[in-house]
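Residue-level structural notes
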Amino acid sequence: MKLEVEGLCFSYSGKPVLEGITFSAGVGEVVGIIGQNGCGKTTLLSCINALYAPSSGEARIDGVSIRGMPKRDVAKKIAFVTQSANITFPFTVFDTVMMGRYPWVGFEGNSRERDLEAVYRAMRDTGVLDFADRPVNELSGGERRRVMIARALAQEPEVLLLDEPTLHLDISHQFDLMELVRGLAAEKGITVLIVTHDIVLAARYCGRVMILKDRGIYRIGDTEKIMLSDNLRDAFFIDADVSRDERFGISVLIVGRDKRGEGDPPGGGCGGG
Amino acid sequence: MNQKILAAAIVALLAVAAVGALALSGGDGGDGAEQKKGLYRLDARVSMVDMGRCSATPGVVATIEQIYEDYYGEIGHGSLTLSDAKGDSEFWNQYCVWDPIVSKRADGALDVKSTTKAKGTETVVVPVADNVLVMGTMFVECMYFLACTEAGVEPYSEESFLDERVSGYLKSVIAGGLKYSYYEDNDTVFLTYAVDKSSYLDLGVTSVQSMDPEKLADALKTASAGGKSALYLASGLRIVSQDHYDNNTGPARKTGSSFAFFSPSDIPGVFQAIECIGALLGFDDSVVSDMIESLQLRLYRVYAAVQEETGGKAPVKAYFENTSGSALSSEMPKIILRFLGFDTSLLDGAEHDLESLLAQKPGLILFYTNDKRPESERMRTDT
Amino acid sequence: MEGIESLEDMRRYQRGAGRRAATTVAASAAFLAALFFVTLTIGNYGISLGDVFGILLGSVRDDTAEYVLKDVRIPRLLCAVIVGSALSTSGLAMQSMFKNPMASPSVLGISSGAAFGASLALAFGAGSFLGSFAVPGMAFIFCFLTMGAVYLIAHTKYGVASVTLLLAGIAMGAFFGGLTSLMQYMVRDDVLASIVYWTMGSFNNCGWTSFKLAILPIAAGIAIMMLSVRELNLISSGEDQASNMGVNVKRLRIMMIVAASLSVGGSVAISGVIGFVGLIVPHIFRMIAGPNHAVLMPLCVFGGGAFMLLMDTVAKSAFEMILPVGVLTSLVGAPFFIYVMRARKKELWG
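As a starting point, this report considers the structure included with it. (Residues numbered from 1 in each chain as written. Chains lettered and ligands numbered in written order. Predicted model: local features only at pLDDT ≥ 70, side-chain atom pairs only at ≥ 80, totals over all residues. Heavy atoms only, no water.)

**Description of helix 2 (residues 49-57) of chain C**
Residues and elements named next belong to chain C. What counts here: Per-residue accessibility, obtained with a 1.4 Å probe over protein chains only, is compared with the maximum for each type, and a residue is labelled buried under 20%, exposed over 50%, and partly exposed between these values. A run of H or I in DSSP counts as a helix once it spans at least four residues, and a run of E counts as a strand once it spans at least two, with each numbered from the N terminus. To be clear, the arc concerns the directions from the helix axis to the C-beta atoms. In this analysis, two residues are considered to be in contact whenever any of their non-hydrogen atoms come within 4.5 Å of each other.
Turning to helix 2, its buried residues are V52, G54 and I55. When helix 2 is viewed along its axis, its buried side chains cluster within an angular range of 170° and face the same direction. Turned more than 90 degrees from where helix 2 packs its buried face, L49 and L57 sit exposed. Here the buried face of helix 2 lies against helix 1 (7-40) and helix 3 (63-97). G58 lies just past helix 2 and shows a positive phi near 85°.

**Let's talk about the sheet that holds strand 11 (residues 342-343) of chain B**
All names here are of chain B. To be explicit about the condition: DSSP calls a pair of strands paired once it identifies at least 2 bridges connecting them. Axis definition: a line fit to C-alpha positions, over the contact stretch in the case of helices; interaxial angles, taken between N-to-C directions, run 0 to 180 degrees.
The four strands are arranged 1-12-10-11 in an open sheet whose pairing can be described as parallel. On the outer flanks of this sheet lie strand 1 (45-49) and strand 11, each paired with one strand and no other. Pairing of strand 10 (residues 316-320) with strand 12 (residues 364-368) involves three bridges; the strand directions are parallel. Counted as the bridge partner of A318 is L364 from strand 12. Of the strands in this sheet, strand 1, strand 10, strand 11 and strand 12 are in contact with helix 2 (residues 60-71), which crosses strand 1 at around 160°.

**Digging into a nonpolar patch on the surface**
All names here are of chain C. Rule in force here: Exposure above 30% relative accessible area and no salt bridge define the residues that can form patches, which grow by joining like charges within 9 Å and nonpolar side chains of Val, Leu, Ile, Met, Phe, Trp and Tyr within 5 Å. All accessibility values rest on the Shrake-Rupley procedure with a 1.4 Å probe; residue burial counts only the protein chains present in the view. Basic side-chain nitrogens of Lys or Arg form a salt bridge, by our definition, when they fall within 4 Å of a carboxyl oxygen of Asp or Glu.
A cluster of nonpolar side chains, contributed by F37, L49, F53, L56 and L57, occupies part of the molecular surface with about 500 Å² of accessible area. Mapped onto the fold, L56 is located in helix 2. With relative accessibility at 33%, the residue L56 sits in the partly exposed group.

**Some points on the pairing of strand 2 (residues 15-25) of chain A**
All names here are of chain A. As paired elements, strand 1 (residues 3-12) and strand 2 share seven bridges and run antiparallel to each other. Bridged to L3 within strand 2 is A25. From the end of strand 1 to the start of strand 2, which pair antiparallel, there are two residues, and S13 there has a positive phi angle of about 45°.

**Quick word on the pattern of salt bridges**
All names here are of chain C. Applying the stated rule across the entire model yields 38 salt bridges over all chains. Put simply, R76 and D312 hold a salt bridge, and the shortest N to O gap is 2.9 Å. Residue R76 is found in helix 3, and its partner D312 is found in helix 13 (residues 293-317); the two are separated by 236 residues along the sequence. Since its relative accessible area comes to 6%, R76 is described here as buried.

Note that every value here comes from positions in space, so none of it alone points to a role or purpose.
Given below as structure tokens:
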């Protein structure tokens, strides 16, 4: 397994946020992480990336724990595209993507030529070559998101963590972006974890899905085995129709608020489909 | 951009600058003769003067004499008399003629023209005082000079500090006023020798603007206890608003004390103030006029010597720097220096860099005696 | 620009951008050098252009003119250059670290803190264990403390908010203003005057001794900042993102605070508080050359030096009265500050 997370716990100011998270993901896999607001999705990514130190448990890449690993070594293996992309200083797209090469600077076997090649590939693959000399703050939301992914790819990571990559994008760009991510995973063998609120997109593009609930993993598995009306009702208190479309794959139709589940304590109120 | 190369370039540049600096500054040692640095290059006379005696107070005469001696040398002219001074109308009209601000009333009390920025000049009726609260060194210095004249001792002489008539008088009349530590800090020894800190009614401030009326009322009440006539003396220059005025006069009115505000700003003003203070404190007219005349004569001797030294010559520039490194701009130092025949155009309140001073070539440089900057900084030899 | 399609196109683009950056930096260095020679001939002691070069080449013998040029004018100009460079680069580093284009040593109250430290050393002999470095040493210590305090006040887990940062700066400035007032209230008038001098910046007392005193801390500070340009690029787009790309944010933060303290401390120790330079210079060059620190940092070194050289020369010789340079930079800087605040309010206040 490429990425293994074992018994990971994290608390914030004494309040437990995550407890006993254990899962693994293989090469080229795209794992969707869904769950309600505040269930610790982003925190989980931050722990995997060593931005936060877990109170117990650990994440491993190729069997090596990232705890205690120098920051630059972590950044060579894991790239993290965060939600926020507010820009104070208007760097050009080229300069921005070049920043992704930081962990490799001065590393043996790296050279300016290699940096340039990596940046070129990242920009080509994400389709941002055209804006190379434009300041990032002049780009549209979708373009900017792609630049951030390009910067992450310039890190030449083995694991890519995406936090809400489709937020605020129009529907067509949402599909473009998810296509891009799935393509990258398949072609380059990158393990991708995507935190998203968009159940529809997660169902369509992720090979596996994890549902976080009550500080732990509620369900994890192949998408078609997890994306079930029952699970969605339990996790989100919604009524959803899940079907299989022959052209595109799994299709989730969110019908409305689950009336039966309303008022029930979390985790309870499980009824029939 | 290769940052390492850039960093190296900049560090190298700074290193070159540093080495160049050391080479340039150290290179002069080889010339043999010790090079004069900073203001010493001007070969100007340097005079250190007392800050307190650079304003319009009796002590200003001593400052004038001192600067004369520092620059020109011996004053001489010991044979000149007061009638010579009166005969020299140029001198007399400029420095010894004033409008009195005090006049005696039929009932024995005095009419004093009291001046404040807030109210202008008003006439107040003041009885001769038994006790004074004083906000200003000018007032106490006048009292000291008058007491010295009465006792027949030379002001600021060792003898005068130890004279019991002088110190006894000051102790009996000065009830309090200006923050006591101010006198300590400024070495106003005639006062600190005479007046005990424990019995001094300390108003705790150095300016009438920050006067606490409660404290003033309390002090005046104590000073006027037992039917004594207490007087509050201060400079009116900084009493600029109705509130300042009320804070400083209200307590006097409420405690049945009196007040008078005046502040001389030139040489005749000094005589005017001496005359007024002498009358307010009930000194004999003869003591007052003796004191004034002796100062006038001393002044005239310097005046005559200056005329002799400078006759027909272009005035020499003087430069007077305060403790923060910029030129003075207040009026009294200019009056003193003009009296001594100097050009005061450099006294403009601005900072003067070494280059401009070397270009302007002042022949006399003055500092205050309490200027604690090291000599290298004062004389700008920091090279 | 033509579209980039191949790797070759991109290589060409990178080379072009690099060349442009190098040209800009070289131009700023050349401008500084040229300005230095021009200002060499301007001063309150009249020395003709020919004499200036004659003296430098040793062909003209005029004792006083030589003294004025070599021991008065040149060290003062050099002090202006290094102080300008130090304040500009520190301003730039702070702007990036706080992710805020309004940050600068004087706006954040850091210069006031340093000046307070310097005046403690001057008035009460504090820090005498540092020997001849007591004044810059105390300036450095207080600079460090103030910047640390501003950072701690303004920093939250959500980053550094502009409003909090500027308010923290105001608070620190007011605090040290209060301490200075307290000192003014407590100490004697003569000591007080030397404190006042440190709160109003000027190069009037700068000779070779001052230059030698300040060059080391300033050079060290600038060198640290020069070597951290990549990290500064990353951190200026957010601490979390920088951390995600492998920057040791904690270490960088400490290094930048130390570097800026060295530079600002060295500057304040010889020239007092000269405001707004650290705000204006980085801003102007960011408008010209973009936000890349690999270009901006050397531009601030040369351009900051040139700016201060210009300001000091104007202050000392353009008016009938010699002005302290700090007065001039404040008169120019405060309107500029307001301009920045209005022109960039969208980014600043969201």
